[in-house]
Amino acid sequence: MNASSPDTAPGRIVLLTTSHRVAPGLLSWPAWQALHAADRVLCADGAHPQLPYLREAGITVDAASPTAEELVDACAGGRTVVVVATGEGEPALTDGLARLAGSGRVRMPDLELLPASYDLPGARLLDLVQVMDRIRAECPWSSRQTHQGLAKYGIEEAYELVEAIEEGDRDELREELGDVLLQVVFHARIAEEHPDAPFSVDDVAGGIVAKLIHRHPHVFGDETATTPEEVKAHWLRTKAVEKRRTSVTEGIPLGQPGLALAAKLASRVRTAGLDVPLPRVEGVGYELLELAVRAEAEGVDPEAALRAAARAYRDAVRSAEGTAGGDSRPDTVEE
């Protein structure tokens, strides 16, 4: 009998994968073609979210969890079998098929991995929202948290992010960005429970999207900008219209570190073209103010500069401790 005859053709296995982050039923056209053309469609999970939509489209799906050998036999005679993969991706089945193929004793069907739906950029954010929702509902600690109680963690995480950036540690940077993102999602989840003015993470995202589009008319509108200075001018102009502020100092948080506060005030003054002399008062605070304003004018972040200097001082302290010999700890401990 001819090796390519229908009776001996090895057939075809299509492993159809889907993403739970995409609405069920939204499958690619090649996936629908494969499903309609298949001789059999199998799915081990009787509660798979895609099944109602496949059956609505007239596709018969058998609830079955075949072994690798059974699946190969089902393809005998040139038949095509589509396996709708569960969320785990059928690792036991694919491992079994790999062992059969490696044995050299079985004529294997053609095996195709066909993504029927796949994640778009940012899709894992949906996982974060779902995980946070469950933690909020079931965790004894998280379920009791408030905006006020979490505020200190937001500050801590922001500082840890800055430290990771300044240290140039890519792994730490990725982790700290996640910790900052967690704060946003956590606060948004708490906000959903407000009795009078609830909002969700979708409202948060929608607000920043609208703001970014409005403040970038050179990207999303008809205006043009070819330099960073022109971009900043667009931003400040649209922001001024939005906020309707009467002073350049409005919107500057006074609770931020002193050097950063001074630099921000100086930046607003310089951008507005104001001529505001510094207070001529004796004292360390005013000397620091003058240094911060000078740093901002020179394009230097005074907070970052001071942190860099402090790290150098820390290293010098450690070096001195290492060369002092004996017990270098002070007699008294300052809390």
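Residues numbered from 1 in each chain as written. Predicted model: local features only at pLDDT ≥ 70, side-chain atom pairs only at ≥ 80, totals over all residues. Heavy atoms only, no water.

Caption draft 1: Representation of the overall build of the protein chain. A tally of helices and strands in the protein chain yields 13 helices and five strands. Here the C-alpha atoms of the protein chain give a radius of gyration of 31 Å, more than 25% beyond the 20 Å that 2.2 N^0.38 yields for 335 residues. Over its C-alpha atoms, taken along the principal directions, the protein chain stretches across nearly 105 × 65 × 45 Å. Counting every position in the protein chain, which comprises 335 residues, the buried fraction comes to 26%. (Helix = DSSP H or I, 4+ residues; strand = E, 2+ residues; numbered from the N terminus. Rg over C-alpha atoms; globule rule 2.2 N^0.38 Å. Buried < 20%, exposed > 50% of the residue type's maximum accessible area, 1.4 Å probe, protein only.)

Caption draft 2: Representation of the nonpolar core in the model. Membership of the largest hydrophobic core comes to 18 residues, with the highest contact counts inside it found for Leu16, Leu35, Val41 and Leu54. For leucine 54, the contacting residues outside a window of four places in its chain are Leu27, Trp32, Leu35, Ile59, Val61 and Val84. Counting 14 residues, the second largest nonpolar core, distinct from the first, contains Leu15, Leu71, Val81 and Ala85. (Core = buried A, V, L, I, M, F, W, Y, C linked by side-chain atoms within 4.5 Å. Contact = heavy atoms within 4.5 Å.)

Caption draft 3: Spotlight on the environment of alanine 260. When you line up the elements, alanine 260 lands in helix α11 (residues 258-272). For the pair alanine 260 and aspartate 301, spaced 41 residues apart in the sequence, the C-alpha separation amounts to 7.7 Å.

Caption draft 4: The pattern of salt bridges, seen in detail. Taken as a whole and judged by the stated rule, the model has 17 salt bridges. Between arginine 311 and glutamate 167 there is a salt bridge, with its nearest N and O atoms 4.0 Å apart. Taken together, the positions of arginine 311 in helix α13 (residues 302-324) and glutamate 167 in helix α6 (residues 147-167) put the pair 144 residues apart, joining distant regions of the chain. Residue glutamate 303 pairs with arginine 307 through a salt bridge whose shortest N-O separation is 3.7 Å. A residue pair is termed a helical-turn pair when its members lie 3 or 4 positions apart in one helix, as glutamate 303 and arginine 307 do in helix α13 at four residues. Since its relative accessible area comes to 15%, glutamate 303 is described here as buried. Each of the salt bridges in this network shares a partner with another, and the network as a whole consists of Glu166, Glu167, Glu303, Arg307 and Arg311. (Salt bridge = Lys/Arg side-chain N within 4 Å of Asp/Glu carboxyl O.)

Caption draft 5: Fine view of the confidence of the model for the protein chain. When pLDDT is averaged along the protein chain, the result is 89; 94% of the residues meet or exceed 70. Per-element mean pLDDT across the protein chain ranges from 80 in helix α10 (residues 228-243) up to 97 in helix α7 (residues 170-191). (pLDDT = per-residue confidence, 0-100.)

Caption draft 6: Region of interest: the packing of aromatic side chains. Evaluated as defined, the whole model comprises two aromatic pairs. Judged by centre distance (6.3 Å) and plane angle (75°), the ring pair of tryptophan 141 and tyrosine 153 falls under edge-to-face. Of the two residues, tryptophan 141 is situated in the loop between α5 (124-138) and α6 and tyrosine 153 in helix α6; the sequence distance between them amounts to twelve residues. Site record: aromatic cluster; members linked through ring pairs are Trp141, Tyr153 and Phe186. (Phe/Tyr/Trp six-rings, centres within 6.5 Å; stacked < 30°, edge-to-face > 60°.)

Caption draft 7: Geometry of the pairing of strand β2 (residues 40-43). One ladder, built from three bridges, connects β2 with strand β4 (residues 80-84); its direction is parallel. Bridge pairing in β4 places arginine 40 opposite valine 81. Inspection of the sheet shows β2 paired to strand β3 (residues 62-63) by two bridges, in the parallel sense. The residue of β3 that forms the bridge with leucine 42 is aspartate 62. Once you follow β2 into helix α2 (residues 51-56) and on to β3, the crossover reads as right-handed. (Pairing = 2+ DSSP bridges. Right-handed = clockwise from strand over helix to strand, strands pointing away.)

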